[in-house]
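Structure at a glance
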Amino acid sequence: MTPSDLTAQAELARVSRLTTMGELAASIAHEVNQPLTAVINNSSACLRLLADGNLGSEVLRRALEKIIADGTRASAVIARIRAFIQKAPAEKNELDVNELIQEVVALTDPELSENRVLLERELTKPLPRVLGDRVQLQQVLLNLIMNGIEAMTVVSNRPRLLWVQSRIAESENVLVAVCDSGTGLRLDEDRAFTPFVTTKANGMGMGLSISRSLIEAHGGRLWAGPNSPHGAVFYFTLPVARGVPHDSRSPHLCCR
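Per chain, the residues get numbers from 1 upward, laid out in the order the sequence is written. Side-chain atom pairs in this predicted model are given and counted only at pLDDT of 80 or more, local residue features only at pLDDT of at least 70, and totals for whole chains, interfaces and linings cover all residues. As a convention, hydrogens and water are excluded, and side-chain values are obtained from all of the structure's heavy atoms.

1. Notes on helix α4 (residues 134-151)
In this text, helices come from DSSP runs of H or I with a minimum length of four residues, and strands from runs of E with a minimum of two, each type numbered from the N-terminal end. Helices are assigned an expected span. That span is 1.5 Å times one less than the residue count. Helix length check: α4, at 18 residues, gives a terminal C-alpha distance of 26 Å against a target of 26 Å (1.5 Å per residue), a fit within 8%. Counting buried positions along α4 yields 16 of 18 residues, so the element is predominantly enclosed. Polar contact is the term for a pair of N or O atoms within 3.5 Å; when the atoms are in protein, one must be able to donate a hydrogen and the other to accept it, and sequence-neighboring residues count only if both atoms are side-chain atoms. Its side-chain oxygen placed 2.9 Å from the backbone nitrogen of Gln136, Asp133 serves as the N-cap of α4. Accessible area is worked out with a 1.4 Å probe on protein chains only. A residue is then buried under 20% of its type maximum, exposed over 50%, and partly exposed in between.

If you want it as structure tokens, here you go:
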């Protein structure tokens, strides 16, 4: 692959991230607005108490602690967004996949709540580190989680359940699975990764294709299969950065 091809692929991946973030914009705005509203309310309360001469030191201390906590929360949301959409060259470092999962789940929390999706994490610990680009792997996880949420939007007769799991595969690579209880794959399992092929009304059909390219660029593999009794499972593997500890294996992955 030529340098120009690599540049084009990186830019396409960034555009895909921006598109995904656009889909999350309303939920993220809501998440940021909540702590900012709390900051305003606590500050206004302090001003009223100060004007009435009733602002004691303990009341002020508690109010300031809440203001700091809410401001930090809003800042963290914005920092996650900026890191995710930044235009920067790929940079591979040793990463903890479980940490990546927690970061992306935090980013999608408003969307999970909005769509009444119950998320369960089954993360094997300890898990050996992988060598990868943090933002690119976040993009893959975000795409798979968002797809799982969307697959359950029409489900009304059973719980909307999403599982994110990690373990060591038989190949001694790190394996991640994202399972949903939605409508299942409406395309051939491999055709779902074909560029511009989508079942979404407003989809571009590029999310899974780009995700597979990113995982393969990391030396891994991304594929899909049915979940029992309902839904779909998306799996991907990543080579470990160092030797795998023998006691970190789990017997199997099962999406219940």
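Right, picking up where we left off after that structure.
2. Overview of the pairing of strand β4 (residues 161-168)
Judged by how many residues are buried, β4 sits mostly within the fold: seven of eight residues are covered. The pairing of strand β2 (residues 118-123) with β4 spans six bridges and is classified as parallel. Directly across from Leu119, in β4, lies its bridge partner Leu162. Strand pairing is assigned whenever DSSP detects at least two bridges linking the two strands.

3. Focus: the packing of aromatic side chains
Within 6.5 Å between ring centres, the rings of Phe, Tyr and Trp (the latter by its six-membered ring) count as paired, and their orientation is classed by plane angle as stacked under 30 degrees, edge-to-face over 60, tilted in between. Evaluation of the coordinates by the stated rule reveals one aromatic pair. For the ring pair Trp223 and Tyr235, a centre distance of 5.2 Å and an interplane angle of 20 degrees mean the geometry is stacked. With a gap of 12 residues between them, Trp223 in strand β6 (residues 221-226) and Tyr235 in strand β7 (residues 232-238) connect regions that are remote in the sequence. Geometrically, a lysine NZ or arginine CZ counts as sitting over a ring once it is within 6 Å of the ring centre and also within 35 degrees of the ring normal. The ring of Trp223 has Arg221 sitting right over it, with the charged end atom 4.0 Å from the ring centre.

4. Side note on the pattern of salt bridges
Pairing between side chains of opposite charge can happen when the charged atoms of each approach one another. Salt bridges are counted wherever a side-chain nitrogen of Lys or Arg sits within 4 Å of a carboxyl oxygen of Asp or Glu. Following the criterion strictly, the structure yields four salt bridges and no others. Between Arg61 and Glu58 there is a salt bridge, and its shortest N-O distance comes to 2.3 Å. Here the residue Arg61 and the residue Glu58 both occupy positions in helix α2 (residues 57-85), the gap between them amounting to three residues, near one helical turn. Accessibility expressed as a relative area gives 38% for Arg61, which makes it partly exposed. In this structure, Glu58 and Arg62 form a salt bridge, with 3.6 Å as the shortest nitrogen-oxygen distance. In this pair, Glu58 and Arg62 both sit in helix α2, four residues apart, roughly one turn of the helix. The exposure class of Glu58 is partly exposed, given its relative accessible area of 37%. Each member of the salt-bridge network shares a partner with another, and the members are Glu58, Arg61, Arg62 and Glu65.

5. Focus: helix α3 (residues 97-114)
In this model, α3 (18 residues) spans 26 Å end to end at C-alpha, consistent with the 26 Å of a helix rising 1.5 Å per residue. Here the bend at each residue means the angle between axes fitted to two seven-residue stretches, the one ending at that residue and the one beginning there. Along α3, the sharpest change in direction is near 50 degrees and occurs at Thr108; proline Pro110 comes one to four residues later. Among the residues making up α3, those that are buried are Val97, Asn98, Leu100, Ile101, Val104, Val105, Leu107, Thr108, Pro110, Glu111 and Leu112. Positioned one or two residues after α3, Arg116 has a phi angle of 55 degrees, which is positive.

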